[in-house]
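Structure assessment
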Amino acid sequence: MNINKSEYVVSNPDYSKCPQTNQPEFAFIGRSNVGKSSLINMLTNHNGLAKTSQTPGKTLLINHFRINDSWWIVDLPGYGFANVGKAGTEKLKSLINGYILHRQEMTCLFVLIDSRHAPMKVDLDFITMLGENGIPFAIVFTKLDKISNRQWQMNFKAYKERLSEDWEELPPMFATSSSKGIGREEVLDFIEQTIEHLKD
């Protein structure tokens, strides 16, 4: 897939206020500081499209980006360690769950996981929630350039084995590095194939 046009459109504090796009939406979510904005910028080849920050938990809104005038990328707030207090955490949880569970346009949710870590409870719990609610999702491992190939293979194997305990069929998985461009073609091909499947 070639991305010829990518533009920021709108941010909203509530899923019910999101634009009625009537087009496929591919949403991105993960723990705070997992590299969502960097991945979105890498996929679109548009530096600065999604704003990056060194401070975890800066994405507190649902951000919509129109791609090729035909589909959308949605940047969701991170879960887990956003430094927003208990009340803020509950508000973010409501915001995230509202979009994930009720947004008709959402075609697939990309769950980003830092490849440097072994399976973490916060990620596994989130993935379990998606399964319980029948949410279509794929897993994207990030920051592949910051880990040795040996350690990556160990962590990847650990994730597959842990998920296999609860899942008969594992979701699609991608390994990426935003700084090296690793995984870009694979993720975009998946998006393209998913969009084509919707037309059948």
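No experiment lies behind these values; they were computed from the predicted model shown.

Structural notes on the packing of aromatic side chains
- Summed over the entire model, instances satisfying the criterion amount to 12 aromatic pairs.
- For the ring pair Phe-141 and Phe-156, a centre distance of 5.7 Å and an interplane angle of 90° mean the geometry is edge-to-face. Of the two residues, Phe-141 is situated in strand β6 (residues 137-142) and Phe-156 in helix α4 (residues 149-164); the sequence distance between them amounts to 15 residues. This pair shows no difference in class: Phe-141 is buried, exactly as Phe-156 is.
- Three or more aromatic residues joined by ring pairs form one cluster here, namely Phe-26, Phe-28, Trp-71, Phe-110, Phe-174 and Phe-190.

Observations regarding the nonpolar core
- Ranked by size, the top nonpolar core spans 32 residues in total, and within it Ile-29, Leu-76, Ile-100, Leu-109, Val-111, Phe-126 and Leu-130 carry the most contacts.
- Secondary structure elements with two or more residues in this core: β2 (25-30), α2 (85-102), β5 (106-114), α3 (121-132), β6 and α4.
- Those residues within four positions of Phe-126 in sequence are excluded, and the remaining contacts are Ile-29, Tyr-79, Ile-96, Ile-100, Leu-109 and Val-111.
- In terms of nonpolar packing, the next biggest core, distinct from the first, is built from 25 residues, Val-34, Met-42, Phe-174 and Phe-190 among them.

Focus: the sheet that holds strand β1 (residues 6-12)
- If you trace the seven strands from one edge of the open sheet to the other, you get β1-β3-β4-β2-β5-β6-β7, paired in mixed fashion. Edge strands, defined here as strands with exactly one partner in the open sheet, are β1 and β7 (173-175). Sheet twist, expressed as the average angle between the axes of neighbouring strands with direction ignored, equals 25°.
- Strands in contact with helix α1 (residues 36-44) are β1, β2, β3 (62-67), β4 (71-75), β5 and β6; relative to β2, the strand with the most contacts, it is inclined by about 145°.

A look at the confidence of the model for the chain
- When pLDDT is averaged across the chain, the result is 90; 92% of the residues are at 70 or more.
- Looking at the elements of the chain, mean pLDDT is at its lowest for α2, recorded as 81, and at its highest for β6, recorded as 98.

Each value, and the rule that gives it
- The residue numbers shown here count from 1 along each chain, following its written sequence.
- Local features in this predicted model are restricted to residues of pLDDT 70 or higher, and side-chain atom pairs are both shown and tallied only at a pLDDT of 80 or more, whereas totals for entire chains, interfaces and linings draw on every residue.
- Heavy atoms from the whole structure form the basis of all side-chain values; hydrogens and water molecules are not counted.
- The rule is short: rings of Phe, Tyr and Trp, with Trp giving its six-membered ring, pair when the centres are within 6.5 Å, and they are stacked under 30 degrees, edge-to-face over 60, tilted in between.
- Put simply, DSSP H or I for four residues or longer makes a helix, DSSP E for two residues or longer makes a strand, and each gets a number counted from the N terminus.
- Throughout, exposure labels follow a simple rule: accessible area from a 1.4 Å probe, protein chains only, divided by the maximum for the residue type, with under 20% read as buried, over 50% as exposed, and the rest as partly exposed.
- Buried residues of nine kinds, namely Ala, Val, Leu, Ile, Met, Phe, Trp, Tyr and Cys, make up a nonpolar core once their side-chain atoms join them within 4.5 Å.
- Contact definition: two residues touch when any of their heavy atoms are within 4.5 Å.
- A pair of strands counts as paired when DSSP detects no fewer than two bridges linking them.
- To define axes, lines are fitted to C-alpha atoms, for helices over the stretch in contact only, and angles between the resulting N-to-C directions are given on a 0 to 180 degree scale.
- The predictor rates its confidence in each residue with pLDDT, a number between 0 and 100.

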